[in-house]
Amino acid sequence: MSADGRVGADARRTGAQIIWEALIREEVKVVFGYPGGAIMPAYDSILQYPIHHVLVRHEQGAAHMADGYARASGEVGVAIATSGPGATNLVTGIATAMLDSVPMVCITGQVNSKLIGSDAFQETDITGVTLPITKHNYVVSDVNKIASTIREAFYIARSGRPGPVLVDITKDAQQATTVPVWSDEPVRLPGYRPDHRTSVEDLERAAEMIASAKRPIIFAGHGIVRAEATRLLLEFVEKTGIPVATTLLGLGGFPATHPASLGMMGMHGEAWVNQAIQEADLLLALGMRFDDRVTGNLKNYAVHAKKIHFELDPAEINKNVRVDLRLVGDVKDTLRALLPKLSSRNCKPWMERINSMKGDSAVRDIQKMPHDGRLFAAHVMHDLWRITEGKAIVVTDVGQHQMWEAQYYKHDHPRKLITSGGLGTMGFALPAAIGARFAKKEEEIWVIAGDGGFQMTACELSTAAQEGIKINIAIINNGYLGMVRQWQEFFYDGRYSATPLRSPDFVKLAEAHGHTGLRVTKREEVEETVARARSTPGTVLIDFRVEQEDSVYPMVAAGADLHDMIRRPSPIVETADDE
Ligand SMILES: Cc1ncc(C[n+]2csc(CCOP(=O)(O)OP(=O)(O)O)c2C)c(N)n1
């Protein structure tokens with residue numbers, strides 16, 4: 001066997017060996033998984049190969065770790081599971097990656113091909129189950145197909161609009177032997193066209209529309225981050241002066257502290273951004289998909305604006321919002337081709353108009369509240385941003401804390417915010433952060449999770465301990481399933497059905513796993529405790545006991561018009577003690 005674990009080219013080997021060799025050829029160094037009967041041949045042979053296997057505590061964790069790894073690195077993440085319950089436990093993680101266009105390959109074991117369809121022990125039709133939530137999936141029962149299928153799976157996962165691909169391999173195919181054929185030819189698949197290029201005429205039309213607009217706004221979505229197009233977007237903005245609003249997943253795609261940055265749009269976006277969108281005469285939507293949380297009521301959405309959609313996936317165009325011009329292609333290529341056609345222009349009056357709307361929205365600025373002993377989640381986010389100088393990778397869970405993070409932690413760099421935007425998967429943060437740790441060995445990583453979501457995958461604390469990794473965990477502990485409680489407060493007359501939440505002692509839970517546990521109950525303690533967590537080796541969990549019934553403002557109620565926002569009810573007295 002050679003140093004990289006490959007056996008001689010013409011030697012016979014098992015399907016199990018071929019799996020790992022195929023992964024090595026795709027430059028995979030780490031996989032996240034959990035063993036079981038139908039995947040045991042593969043687990044037995046991984047011992048021969050230089051691939052690090054992270055033993056998760058639940059397969060959902062494996063899928064989120066592969067996802068976090070992919071989002072932090074831009075590479076394909078890999079999750080492994082056995083058949084039946086192992087495979088179905090991946091489902092939430094696969095759907096999460098699908099909705100956020102994250103490249104991932106999941107390899108599952110399947111029962112012997114002879115037994116398929118017989119309701120054999122631990123048999124599930126996982127390709128049937130995952131058909132609507134994968135970009136593509138395969139069942140492989142022929143050892144001769146393993147190498148080429150894994151190669152195709154990686155190609156599909158990472159090309160065009162990325163997404164998860166599942167490869168289900170029967171146990172007998174893993175055990176059978178063959179001499180594999182490794183191809184170095186580019187993969188070509190009938191009917192699959194991942195690359196598109198915008199025509200010169202369309203680029204010229206876009207340049208004309210941009211030149212004649214008086215109130216344009218750029219929307220930066222996840223596509224900007226994925227395509228590594230941040231620098232080109234900056235050039236675009238510096239040339240044209242057009243302000244930029246971002247989606248949740250677009251945060252960091254354009255520097256939040258840049259003067260042309262407006263902040264986040266949509267349900268919990270800045271009020272002035274939503275207002276500006278409704279007044280705009282041109283929207284340049286870059287790598288985003290007009291999700292309902294972004295648009296609110298479609299009937300009254302940006303009715304004065306012409307719309308140009310820069311998008312890699314043609315199926316996204318005109319799906320939710322009808323556009324005037326489609327620029328299909330990789331957003332980085334499109335921006336590069338468009339830039340020379342643009343002239344500099346004056347957006348000052350428009351920026352002044354937008355700035356005049358800002359004062360109106362400042363009432364949500366809770367971090368400027370006077371010290372009255374109470375700890376608000378916004379304080380934690382703001383202080384974390386200040387102390388880490390905005391440089392940490394922040395992995396958030398789903399709920400109020402996710403929105404406060406988006407509002408108060410300013411992201412200037414791409415791939416620094418990892419969050420489940422499309423599916424909104426509670427339990428995502430801890431495992432995704434563990435995955436990100438394997439992608440970015442040197443960077444500071446913070447998990448920000450609610451007391452509810454954290455408990456969904458808290459078992460992965462044990463994985464972090466076994467791997468001996470350092471991450472910092474901030475639990476925003478409000479004693480409720482906060483975001484649902486907020487909806488109950490606003491829309492169900494304050495009937496708190498099934499949202500008060502009793503939690504374990506998180507400090508002891510951390511300690512039980514061999515980690516450090518800390519607690520913060522007052523605003524004055526935030527700074528010192530965060531500093532302590534950063535300088536303490538190993539994983540540190542901080543239980544932040546925050547104000548219990550605080551709500552995220554502003555808010556566009558589901559289905560309401562974008563400009564029709566619920567704002568913070570009472571004015572907050574500002575003090576000049578911050579920053
Ligand atoms: C797996 C899953 N189940 C249910 C929900 C619905 N949901 C969205 S936010 C939320 C409450 C989250 O509570 P917590 O984790 O404590 O965070 P907080 O909102 O308090 O910050 C719930 C139940 C979800 N998003 N994901």
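Treat the numbers as computed from the prediction; the structure is a model and nothing was measured.

Is there a simple way to think about the sheet that holds strand β2 (residues 30–33) in this case?
Within a beta sheet, neighbouring strands are joined by backbone hydrogen bonds and run either parallel or antiparallel to one another. If you trace the 6 strands from one edge of the open sheet to the other, you get β3-β2-β4-β5-β7-β6, paired in parallel fashion. On the outer flanks of this sheet lie β3 (52–55) and β6 (136–140), each paired with one strand and no other. The average angle at which neighbouring strand axes cross in this sheet is 20 degrees, direction not considered. Summarising the sheet, strand β5 (residues 104–110) and strand β7 (residues 164–170) pair through 7 bridges and their orientation is parallel.

Before we go on, may I ask you to explain helix α5 (residues 91–99) in this structure?
Because an α-helix packs 3.6 residues into every turn, residues spaced three or four apart end up facing the same way. Among the residues of α5, G93, I94, A95, T96 and A97 are the ones counted as buried. Structurally, α5 contributes buried residues whose contacts are with α3 (59–73), β5, α6 (126–130) and β7. Where α5 ends, the next residue or the one after it, S101, has phi of about 55 degrees, a positive value.

Which parts of the structure should I look at to understand unusual backbone geometry?
Residues other than glycine predominantly adopt negative phi, and peptide bonds predominantly adopt the trans conformation. For the peptide bond that leads from Y553 to P554, omega is -10 degrees, which places it in the cis range. Among the structural elements, P554 can be located in the loop between β20 (540–545) and β21 (555–556). Positive phi, normally seen in glycine, also occurs at Q122, with a value near 60 degrees. Note that Q122 resides in the loop between β5 and α6. What makes Q122 partly exposed here is its relative accessible area of 26%. A positive phi angle, near 55 degrees, is found at E389, a position not held by glycine. Note on placement: E389 falls in the loop between α16 (377–387) and β15 (393–396). Under the relative-accessibility criterion, E389 is labelled exposed at 57%.

What's the story with the UniProt feature "domain: Thiamine pyrophosphate enzyme N-terminal TPP-binding" (unreviewed entry) in the protein chain in this structure? I'm lost.
When the UniProt feature table is mapped onto this chain, "domain: Thiamine pyrophosphate enzyme N-terminal TPP-binding" (unreviewed entry) is found at residues 13–126. Within the segment residues 13–126, helix and strand shares are 41% and 19% respectively, and the terminal C-alpha atoms sit 26 Å apart.

In this structure, what is going on with the UniProt feature "domain: Thiamine pyrophosphate enzyme TPP-binding" (unreviewed entry) in the protein chain? I would like to understand it.
If you check UniProt for "domain: Thiamine pyrophosphate enzyme TPP-binding" (unreviewed entry), the listed places come out as residues 397–544 in our numbering. Strand forms 16% of residues 397–544 and helix 41%; the C-alpha atoms that close the span are 15 Å apart.

Reading the values: rules and limits
- Residues numbered from 1 in each chain as written.
- Predicted model: local features only at pLDDT ≥ 70, side-chain atom pairs only at ≥ 80, totals over all residues.
- Heavy atoms only, no water.
- Pairing = 2+ DSSP bridges.
- Helix = DSSP H or I, 4+ residues; strand = E, 2+ residues; numbered from the N terminus.
- Axes fitted to C-alpha atoms, helices over the stretch in contact; angles between N-to-C directions.
- Buried < 20%, exposed > 50% of the residue type's maximum accessible area, 1.4 Å probe, protein only.
- Contact = heavy atoms within 4.5 Å.
- UniProt positions renumbered as here; feature names shortened; annotations may be inferred.

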